[in-house]
Amino acid sequence: MSANGDVVLRVDGLRLQRGERVILDGVSLEIGRGELVAVMGPSGSGKTTILRAAAGLEAFQSGRIDVDGVALTGGAPTSTPVLRELRRKVGMVFQFHCLFEHLSAIQNVCLAPVHAHGVAPAAARARGLELLHAFGVEHRAAALPRQLSGGEAQRVAIARALARGPQVVLLDEPFSALDRELRVQLVELVRGVVRDLGVPVVHVTHSEDEARALADRVVKMAAGRIVAQGTPAEVLR
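In this report, the structure presented in the accompanying data block is examined. (Residues numbered from 1 in each chain as written. Predicted model: local features only at pLDDT ≥ 70, side-chain atom pairs only at ≥ 80, totals over all residues. Heavy atoms only, no water.)

**Thoughts on the overall build of the protein**
- On a plain count of helices and strands, the protein comes out with eight helices and ten strands.
- Expected size for 237 residues packed as a compact globule is a radius of gyration near 18 Å; at 17 Å, the protein falls within 12% of this value.
- Considered along the principal axes of its C-alpha atoms, the protein spans approximately 45 × 45 × 35 Å.
- Here the protein, with 237 residues, has 51% of them falling under the buried criterion.
- Pairs at least 24 residues apart make up 67% of the contacts formed inside the protein by residues separated by at least 6 positions.
- Total accessible area computed for the protein in this model is approximately 10,600 Å², and 51% of it derives from carbon and sulfur atoms.
- Side chains of the protein carry 28 positive and 25 negative charges; the gap between the two charge centres is 4 Å. (Helix = DSSP H or I, 4+ residues; strand = E, 2+ residues; numbered from the N terminus. Rg over C-alpha atoms; globule rule 2.2 N^0.38 Å. Buried < 20%, exposed > 50% of the residue type's maximum accessible area, 1.4 Å probe, protein only. Contact = heavy atoms within 4.5 Å. Areas by Shrake-Rupley, 256 points an atom, 1.4 Å probe, with all protein chains shown as cover. Lys, Arg positive; Asp, Glu negative; His and termini not counted. Charge placed at Lys NZ, Arg CZ, Asp CG, Glu CD.)

See the structure below:
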């Protein structure tokens, strides 16, 4: 349960199957405004599937997800307007940066605000440069993705996720391909930026170092269920 009374993301009784295989078995979770939560567990425990369901990328059989007032119900189709509103409220960053290879860093960051959300190009560019500066890559604004290092590309991807002004950011192991020292540095940087913005983050990771550096709360999963949660000191012993 979130210690913050202002809940932004609420997952209630989430059950998801693929064929006969149960991926999520009655998961309930609350994320408060400004809270930083790490979700951990072995491969196949359902960590990433929670993020995909919350972002409207995967249907589920039963339960309910509420993201800042936008509700998804298990077993029921989700309308296009609801999905559109959901994706305004959720920013997601994947293991691979998924930047458009033919666009520069700043163009990637500005694309959704301008073309999906109607932000004026000048305002979107100004905000995009602010975010790139916050992540230490403003000097790479004109670079194409292939010209960026792995760490730079992931920082641009996170800036892109934040540029739309989401109510919650979902991180699916975005630093897993980086070396340990750089991973921890970037996680600490992300913590500082999102803390300043007051945006809650749900971060799926296998790394205890990342969880300790980022999270206020750690949620541990196994076999599609939450088996433990608490502060990093309580859970990561």
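After that view, the rundown keeps rolling.
**Concerning the sheet that holds strand β1 (residues 7-18)**
- A sheet is described by the order of its strands in space; here four strands give the open sequence β2-β1-β4-β5, paired in antiparallel fashion. Looking at which strands have only one partner, the edges of the open sheet turn out to be β2 (21-32) and β5 (70-73). Here the average twist between neighbouring strands, direction ignored, is 15 degrees.
- Strand direction decides the pairing type here: β1 and strand β4 (residues 62-67), joined by five bridges, are antiparallel. When the bridges of β4 are listed, Arg15 appears paired with Ser62.
- The strands touched by helix α2 (residues 80-89) within the sheet are β4 and β5, with β5 carrying the most contacts at an inclination of about 120 degrees. (Pairing = 2+ DSSP bridges. Axes fitted to C-alpha atoms, helices over the stretch in contact; angles between N-to-C directions.)

**A short note on the nonpolar core**
- Formed by 37 residues in total, the largest nonpolar core has its most connected members in Leu132, Phe135, Val156, Ile158, Leu162 and Val190.
- For this core, the secondary structure elements donating two or more residues are α3 (105-115), α4 (121-134), α5 (150-163), β7 (168-172), α6 (180-197) and α7 (208-214).
- The element that contributes the greatest number of residues to this core is α5, accounting for eight residues.
- Setting aside chain neighbours within four positions, we find Leu132 in contact with Ile106, Val109, Val137, Glu138, Ala141, Val156 and Ala159. (Core = buried A, V, L, I, M, F, W, Y, C linked by side-chain atoms within 4.5 Å.)

**Side note on the sheet that holds β7**
- Taken in spatial order, the six strands make up an open sheet running β6-β7-β8-β3-β9-β10, and their pairing is mixed. Here the strands that pair on one side only, and so sit at the sheet edges, are β6 (90-93) and β10 (225-230). Between one strand axis and the next, the sheet turns by 20 degrees as a mean value, whatever way the strands run.
- Bridge count for strand β3 (residues 36-40) against strand β8 (residues 201-204) is four bridges, and the pairing is parallel. Across the sheet, residue Val37 finds its bridge partner in β8, namely Val202.
- Along the sheet face, α2 touches β6 and β7 and points at about 70 degrees away from the line of β6.

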